[in-house]
Amino acid sequence: MRALGLAARALAVLGLGVLLTAQSAAPSANTPPRISFQISTGSTTGTYFPVGQELAQLLSHPPGVGRCEAADICGPPGLIVSTRASEGSIANVIAVNSGMMNSGLAQSDVVAMAVAGQGPFRESGPAKELRVIANLYGEDVHLIAAKTAHISSVADLRGKRVSLSAPGSGTINTARAILAAYRLTERSLTPNYDPADKATELFQDGKLDAIFFVGGTPVNLIQQLLDEGVAKLVPIDGAGRDRLLARDASLSAHVIPEGTYMGVPAVETVSVDALWITDTSQPDDLVYSMVKALFNPANRAVVEADRVGTHYFDPVAAANA
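So, how was this worked out
- Residues numbered from 1 in each chain as written.
- Predicted model: local features only at pLDDT ≥ 70, side-chain atom pairs only at ≥ 80, totals over all residues.
- Heavy atoms only, no water.
- Helix = DSSP H or I, 4+ residues; strand = E, 2+ residues; numbered from the N terminus.
- Buried < 20%, exposed > 50% of the residue type's maximum accessible area, 1.4 Å probe, protein only.
- Contact = heavy atoms within 4.5 Å.
- Areas by Shrake-Rupley, 256 points an atom, 1.4 Å probe, with all protein chains shown as cover.
- Phe/Tyr/Trp six-rings, centres within 6.5 Å; stacked < 30°, edge-to-face > 60°.
- Polar contact = N/O pair within 3.5 Å; in protein donor to acceptor, adjacent residues only side chain to side chain.
- 1 Å grid on protein atoms, 1.4 Å probe; cavity = no way out; pocket = protein on both sides within 12 Å on 5 of 7 lines; lining within 4 Å.
- Points joined across faces, edges and corners; volume = space filled by probe spheres on them.
- Nonpolar A, V, L, I, M, F, W, Y, C, P; charged D, E, K, R; others polar.
- Pairing = 2+ DSSP bridges.
- Right-handed = clockwise from strand over helix to strand, strands pointing away.
- Axes fitted to C-alpha atoms, helices over the stretch in contact; angles between N-to-C directions.
- Parallel < 35°, antiparallel > 145°, perpendicular 65-115°, else oblique.
- Left-handed = near helix turned anticlockwise from the far one by under 90°.
- Core = buried A, V, L, I, M, F, W, Y, C linked by side-chain atoms within 4.5 Å.

K.L.:
So what about the overall build of the protein chain? Which residues, and what values?
P.N.:
Each helix and strand counted, the protein chain has 11 helices and 10 strands in total. Put simply, the protein chain has 321 residues, and 47% of those count as buried. Looking at the protein chain alone, contacts between residues at least 24 apart form 74% of all its contacts between residues at least 6 apart. As displayed, the protein chain has an accessible area near 15,500 Å², and 56% of this comes from carbon and sulfur atoms.

See below:
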């Protein structure tokens, strides 16, 4: 009997230990439920990827983050925003509209085509589930040419080896529109459809004459090519640009200011807005709380500190534009 009593007490103590361990491992009643929210961005060498990371940093609200104690400076308690690399705008629109991703970054001209069911979305039809969370910043179209390729205008691309970017990117959509406006076709040149990082390697090896790239300035990848002395920026201007702007209201005339790229004078080009998009299934209160935090003036200092001299991604300025 004594042995049974000791065994019983031992079991009781063991049971109490298990219970206490389970209680300590269980979430506190005051811990908010986890809310996962994804952003599909772009290539890790482009500007969408770091912008997505910055959005995740600003809006995530896990337990114990001191900066989130101030009202409306982060998303709702429990929100964890994560980023995913992708091919770019077209791929992001498809993923968001189909419900595969919570949100994504995309060029405004691509979003306009998706909503209208035009261009790369002609077969799939209008993207009826898309909604815009915010207009983040303006992106410039860069046409980078090898100094040895004798390219001084878009018209000079005829017969050249030109990177139009990956099929799922927004750049390829804009590049095709530019070619059409300047009365060029893909058949009139030797097109390349590699992503920006691979295209850059080919350019450096002398296997490409020019690269189209859409991104918020300055783009580190482009500055690197300019610093190496092998490249120059080609203007997008003249009658071809006039035709382009008349056809596409999502694009606007713009100038990359002198000094944006070290040693480079002002360059005429076109720009497009970078949009943060989602779909109709996302809760209104969640989206509203993220937008409220994103445009909170208190986040300006964080944005200014993170962008380190670049002037892409300024949501406060975009809101006031």
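That was the structure; now back to the text.
K.L.:
Tell me what's going on with the environment of Val214, and back it up with residues and numbers.
P.N.:
Relative to the assigned elements, Val214 resides in strand 7 (residues 210-215). Given the relative accessible area of 9%, Val214 is considered buried. Sequence-wise, Val214 and Thr171 are 43 residues apart; in three dimensions their C-alpha atoms are separated by 5.5 Å. If sequence neighbours within four positions are ignored, Val214 has contacts with Gln107, Glu139, Asp140, Val141, Thr171, Thr174 and Val272.

K.L.:
Lay out the packing of aromatic side chains with the relevant residues and their values.
P.N.:
Counting across every chain of the model gives 1 aromatic pair. With 6.4 Å between their ring centres and 80 degrees between their planes, Phe37 and Trp276 make a pair best called edge-to-face. Taken together, the residues Phe37 in strand 1 (residues 35-40) and Trp276 in strand 10 (residues 267-279) connect sequence positions 239 residues apart.

K.L.:
Outline the environment of Ser165, listing residues and values.
P.N.:
By the secondary structure assignment, Ser165 is in the loop between strand 5 (161-163) and helix 5 (170-181). We classify Ser165 as buried; its relative accessible area is 10%. The residues contacting Ser165, other than those within four sequence positions of it, are Thr171, Ile172, Asn192, Tyr193 and Asp194. At a separation of 3.1 Å, a polar atom in the side chain of Ser165 contacts the side chain of Ser169.

K.L.:
Tell me about empty space enclosed by the protein, and please be specific about residues and values.
P.N.:
Here the idea is plain: a probe the size of a water molecule rolls over the atoms and shows the empty space left. Enumeration according to the criterion identifies 1 cavity of 30 Å³ or more in this entry. Approximately 280 Å³ is the volume found for the largest cavity. Residue lining of the largest cavity: 23 residues in total, with Ser43, Glu87, Ser169, Thr171 and Val214 positioned closest to the centre. Looking at which element gives the most residues to the lining of the largest cavity, the answer is strand 7, with 4 residues. Grouping the amino acids of the lining of the largest cavity by side-chain chemistry returns 9 nonpolar, 12 polar and 2 charged.

K.L.:
Pulling in residues and values, what's your account of the pairing of strand 2 (residues 79-84)?
P.N.:
With burial as the criterion, only one face of strand 2 is covered, namely that bearing Leu79, Val81 and Thr83; the residues Ile80, Ser82 and Arg84 on the opposite face remain uncovered. Strand direction decides the pairing type here: strand 1 and strand 2, joined by 6 bridges, are parallel. What sits directly across from Ile35, in strand 2, is Leu79. For the handedness criterion, the β-α-β arrangement of strand 1, helix 2 (residues 48-59) and strand 2 is classed as right-handed.

K.L.:
Pulling in residues and values, what's your account of the packing of helix 5 against helix 8 (residues 238-247)?
P.N.:
Contact pair helix 5 / helix 8: the axes reach a minimum separation of 8 Å and the direction vectors enclose 125 degrees. Here helix 5 is positioned oblique relative to helix 8, judged by the angle of their axes. Between helix 5 and helix 8 the crossing geometry is right-handed. Counting all contacts with helix 5, which are made through Ala177, Ile178, Ala180 and Ala181, the residues of helix 8 involved are Gly240, Arg243, Leu244 and Arg247. The residue makeup of the contact of helix 5 with helix 8, split by class, is 5 nonpolar, 1 polar and 2 charged.

K.L.:
Talk me through the nonpolar core; I want residue IDs and the actual numbers.
P.N.:
Grouped together as the largest cluster of nonpolar side chains are 60 residues, with contacts concentrated most on Val93, Ile144, Leu157, Phe212 and Ile222. Looking at this core element by element, the count peaks at 6 residues for strand 4 (residues 130-146). Beyond its immediate sequence surroundings of up to four residues, Ile222 is in contact with His142, Ile144, Phe213, Leu233 and Tyr261. The next biggest cluster of nonpolar side chains, apart from the first, holds 22 residues, and it includes Leu58, Ala274, Ala293 and Leu294.

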